[in-house]
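# Descriptive analysis of the structure
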Amino acid sequence: MLSSDALPGFDRAAFAATIARELIELGVRCVVAAGWAVNDRLAAVFATTFYDQLLYGQRFIDAVL
């Protein structure tokens, strides 16, 4: 994980928002993005749980919760 000073002037939140916006403009219906560094282990737990919930028929918003 990069420290916040590794890329001076780099705005992670703006980058995440730009990527999300571009994906939606390309037709992606939903995007989950973080504008900050996240713990890899916790991100994996979130992703696994999120996709499991989608596969079990949960709505996107409920799977995110």
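Read on for an overview of the structure. (Residues numbered from 1 in each chain as written. Predicted model: local features only at pLDDT ≥ 70, side-chain atom pairs only at ≥ 80, totals over all residues. Heavy atoms only, no water.)

## So, the packing of aromatic side chains
Counted by the stated rule, this structure contains four aromatic pairs. Measuring from ring centre to ring centre gives 5.0 Å for Phe-50 and Tyr-51, while their planes differ by 70°; the resulting arrangement is edge-to-face. Judged by centre distance (5.5 Å) and plane angle (90°), the rings of Phe-50 and Phe-60 are edge-to-face. Of the two residues, Phe-50 sits in helix 2 (residues 40-55) while Phe-60 sits in helix 3 (residues 60-64), which places them ten residues apart along the sequence. Through a chain of ring-to-ring contacts, the aromatic side chains of Phe-46, Phe-50, Tyr-51 and Phe-60 assemble into a single cluster. (Phe/Tyr/Trp six-rings, centres within 6.5 Å; stacked < 30°, edge-to-face > 60°. Helix = DSSP H or I, 4+ residues; strand = E, 2+ residues; numbered from the N terminus.)

## Here's the deal with the layout of surface pockets
Taken as a whole, the largest pocket spans an internal volume of roughly 210 Å³. Taken together, Val-32, Ala-33, Ala-34, Trp-36, Val-38, Ala-43 and Phe-46 make up the full set of residues lining the largest pocket. For the lining of the largest pocket, a count of residues per class yields seven nonpolar, no polar and no charged. (1 Å grid on protein atoms, 1.4 Å probe; cavity = no way out; pocket = protein on both sides within 12 Å on 5 of 7 lines; lining within 4 Å. Points joined across faces, edges and corners; volume = space filled by probe spheres on them. Nonpolar A, V, L, I, M, F, W, Y, C, P; charged D, E, K, R; others polar.)

## Some thoughts on the pattern of salt bridges
Side chains bearing opposite charge may pair, as long as their charged atoms lie close to each other. Under the definition given, this model contains one salt bridge. When the shortest N-O distance is used, the salt bridge between Arg-59 and Asp-62 registers 2.9 Å. Given the relative accessible area of 30%, Asp-62 is considered partly exposed. (Salt bridge = Lys/Arg side-chain N within 4 Å of Asp/Glu carboxyl O. Buried < 20%, exposed > 50% of the residue type's maximum accessible area, 1.4 Å probe, protein only.)

## Overview of the environment of Ala-13
Looking at the secondary structure, you find Ala-13 in helix 1 (residues 12-25). A relative accessible area of 45% means that Ala-13 is categorised as partly exposed. For Ala-13 and Asp-62, which are 49 residues apart along the polypeptide, the C-alpha to C-alpha distance reads 24 Å.

## Some points on a nonpolar patch on the surface
A cluster of nonpolar side chains, Leu-7, Phe-10, Phe-15, Ile-19, Leu-23, Leu-26 and Val-28, forms an exposed patch at the surface whose accessible area comes to about 640 Å². Within the secondary structure, Phe-10 sits in the segment before helix 1. (Patch = residues over 30% accessible without salt bridge, like charges linked within 9 Å, V, L, I, M, F, W, Y side chains within 5 Å. Areas by Shrake-Rupley, 256 points an atom, 1.4 Å probe, with all protein chains shown as cover.)

All we've got here are geometric facts, nothing functional implied.
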